[in-house]
Amino acid sequence: MGLNLRPAAVAGTFYPEHQDQLERLVGNLLASAVRQELPQAPLRAVLVPHAGYIYSGPVAASAFSLLRRGEFSAVSLWGPSHHFSFSGVAENPHLLWQIPGKVFSCTPRRPAKNADLRLDLDRIHEAEHSLEVELPFLAQKLPDALLDPVLFGEILPALALDRLVSGLDTHTLIVVSSDLSHYYPQARARKLDTQLLEAVLQGDVEGILEGEACGKFPLAALVLWAKSNGWKAWLLDYRTSADTAGSPESVVGYAAVAWLDG
């Protein structure tokens, strides 16, 4: 199973390293989050960004603010691997994940029999930020939830779901972590991101795979699963880094989307 504990890798860079500062910042982000009028239907999944909080924190908060404390007993957390290229998915090898002031327990998941045995799961997960940056929000909203963190390489959505579907039920929230387009001027980024988000809202899996998002493989898997279950997607917030804390000459796109049952 690898190491029992995965320590925080990006505390102090993507988010504050001190517990009190982190909890205060996340609480403020949640309290000031953009709120959309949504139907009264069960929440099943969210898309959230994973940049430093100064850039993407307000957008992520618009999705996490929908959660009622303790309403899910488990979180299936999917994101892209930024440091390693591989085919398939990299299951979490750790029993515990740590952030400042909080340790999450993880659902044990054994790699599938057809998994690429060459994958060093400890190494793939140890420095990756795409999943970790969502944990301080989950610590405030779902502090007792079991985590199932999975990193995606290149994989067909249906194959990914074959590996992961056993852990998905109505007590489990799916959280997909992805940013959108990277390092285009503001106008170009908005055009590309609009195309990608239209594909997401319309359930167009192929359109997502042809679009620009670092987490397009987990996002495509979520959209395929949502279609099979009749979930409807709702756009909660969209901004670029120029809208929060960056230059309009080279931006990264961020979106928050919620999937409701029915």
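Conventions adopted
Residues numbered from 1 in each chain as written. Predicted model: local features only at pLDDT ≥ 70, side-chain atom pairs only at ≥ 80, totals over all residues. Heavy atoms only, no water. Helix = DSSP H or I, 4+ residues; strand = E, 2+ residues; numbered from the N terminus. Buried < 20%, exposed > 50% of the residue type's maximum accessible area, 1.4 Å probe, protein only. Contact = heavy atoms within 4.5 Å. Areas by Shrake-Rupley, 256 points an atom, 1.4 Å probe, with all protein chains shown as cover. Expected span 1.5 Å × (residues − 1). Arc of directions from axis to C-beta. Pairing = 2+ DSSP bridges. Salt bridge = Lys/Arg side-chain N within 4 Å of Asp/Glu carboxyl O. Core = buried A, V, L, I, M, F, W, Y, C linked by side-chain atoms within 4.5 Å. Polar contact = N/O pair within 3.5 Å; in protein donor to acceptor, adjacent residues only side chain to side chain. Axes fitted to C-alpha atoms, helices over the stretch in contact; angles between N-to-C directions. Parallel < 35°, antiparallel > 145°, perpendicular 65-115°, else oblique. Left-handed = near helix turned anticlockwise from the far one by under 90°. Nonpolar A, V, L, I, M, F, W, Y, C, P; charged D, E, K, R; others polar.

Visitor: Would you mind showing me how to read the overall build of the protein chain here?
Guide: In terms of helices and strands, the protein chain carries 9 helices and 11 strands. For the protein chain, the spread of C-alpha atoms along the three principal axes comes to 45 × 45 × 40 Å. For the protein chain, the proportion of its 262 residues judged to be buried stands at 54%. Restricting to contacts in the protein chain with at least 6 residues of sequence separation, those with at least 24 account for 82%. Entry remark: accessible area of the protein chain is about 11600 Å², with carbon and sulfur atoms responsible for 50%.

Visitor: Looking at this model, I keep getting lost on helix α6 (residues 186-202). Mind explaining?
Guide: Given 3.6 residues per helical turn, the α-helix brings residues three or four places apart onto the same face. An ideal rise of 1.5 Å per residue puts 24 Å on 17 residues; α6 measures up with 24 Å between its terminal C-alpha atoms. For α6, the set of buried residues is Q186, A189, L192, D193, L196, L197, A199 and V200. All buried residues of α6 lie within an arc of 150° about the axis, which places them on one face of the element. In α6, those exposed residues whose orientation departs by more than 90 degrees from the buried face are A187, K191 and Q202. Those residues of α6 that are buried lie in contact with β9 (182-184), α7 (205-210), α8 (216-229), β10 (231-240), α9 (241-244) and β11 (251-261). Phi for G203, located one or two positions after α6, is positive at around 70°.

Visitor: Explain the pairing of strand β6 (residues 102-105) here, please?
Guide: Residues in a regular strand point their side chains to alternate faces of the sheet. The alternating pattern of β6 places K102 and F104 on a buried face and V103 and S105 on a face that is not buried. In this sheet, β6 lies alongside strand β5 (residues 96-99) in antiparallel orientation, the contact comprising 4 bridges. Opposite Q98, over in β6, you have V103 as the bridge partner.

Visitor: For this particular structure, what's the right way to read the pattern of salt bridges?
Guide: Between side chains of opposite charge, a pair can form as their charged atoms come close. This structure, assessed with the given rule, holds 6 salt bridges. Its salt-bridge partner being R44, residue D261 comes within 3.3 Å of it at the nearest N-O pair. Here D261, found in strand β11, pairs with R44, found in strand β2 (residues 43-48); they are 217 residues apart in sequence, far enough to count as distant. Between R190 and D243 there is a salt bridge whose closest N-O contact spans 2.8 Å. With a gap of 53 residues between them, R190 in helix α6 and D243 in helix α9 connect regions that are remote in the sequence. Residue classification places R190 among the partly exposed residues on the basis of a relative accessible area of 31%.

Visitor: Help me understand helix α1 (residues 19-31) in this model?
Guide: With 13 residues, α1 extends 18 Å from end C-alpha to end C-alpha; this agrees with the ideal 18 Å at 1.5 Å per step. Residues of α1 that are buried make contact with α2 (53-64) and α4 (135-141).

Visitor: What is the right way to read the nonpolar core from this model?
Guide: Generally speaking, nonpolar side chains in soluble globular proteins are found buried as a group. Core analysis: the biggest nonpolar cluster contains 49 residues, and L43, F64, F137 and L138 have the highest contact counts within it. Top element by residues in this core is α2. It accounts for 6 residues. Formed by 36 residues, the second largest nonpolar core is a distinct cluster that contains W78, L196, L219 and V257.

Visitor: Just to check I follow, could you spell out unusual backbone geometry for this structure?
Guide: Apart from glycine, the bulk of residues carry a negative phi angle, and the bulk of peptide bonds sit in the trans form. One non-glycine residue, Y183, lies in the positive phi region at around 70°. You can see Y183 is positioned in strand β9.

Visitor: Just to check I follow, could you spell out the side chain of S181 for this structure?
Guide: In this fold, S181 is placed in the loop between β8 (172-177) and β9. Classification of S181 as buried rests on a relative accessible area of 0%. In terms of polar contacts, S181 uses its side chain to reach the side chain of D193, at 2.9 Å. In this structure S181 touches A189, L192, D193, E212, V251, V252 and G253, once residues within four positions along its chain are discounted.

Visitor: Help me out: how do you make sense of the sheet that holds strand β1 (residues 5-6) in this one?
Guide: Strands in a sheet are paired, the pairing made by backbone hydrogen bonds, and the direction either parallel or antiparallel. Spatially, the 3 strands line up as an open sheet ordered β1-β5-β6, and their pairing is mixed. The sheet terminates laterally at β1 and β6, the two strands that pair on one side only.

Visitor: Sorry if this is basic, but what is going on with the packing of α1 against α2 here?
Guide: When two helices pack together, you describe them by how their axes are tilted relative to each other and by the distance separating the axes. Across the interface, α1 lies against α2 with an axial gap of 8 Å and an inter-helix angle of 60°. In terms of axis orientation, α1 runs oblique to α2. For the element pair α1 and α2, the recorded crossing hand is right-handed. In contact with L22, L25, V26, L29 and L30 of α1, α2 contributes Y53, G57, P58, A61 and F64. Partitioning the contact of α1 with α2 into residue classes produces 9 nonpolar, 1 polar and no charged.

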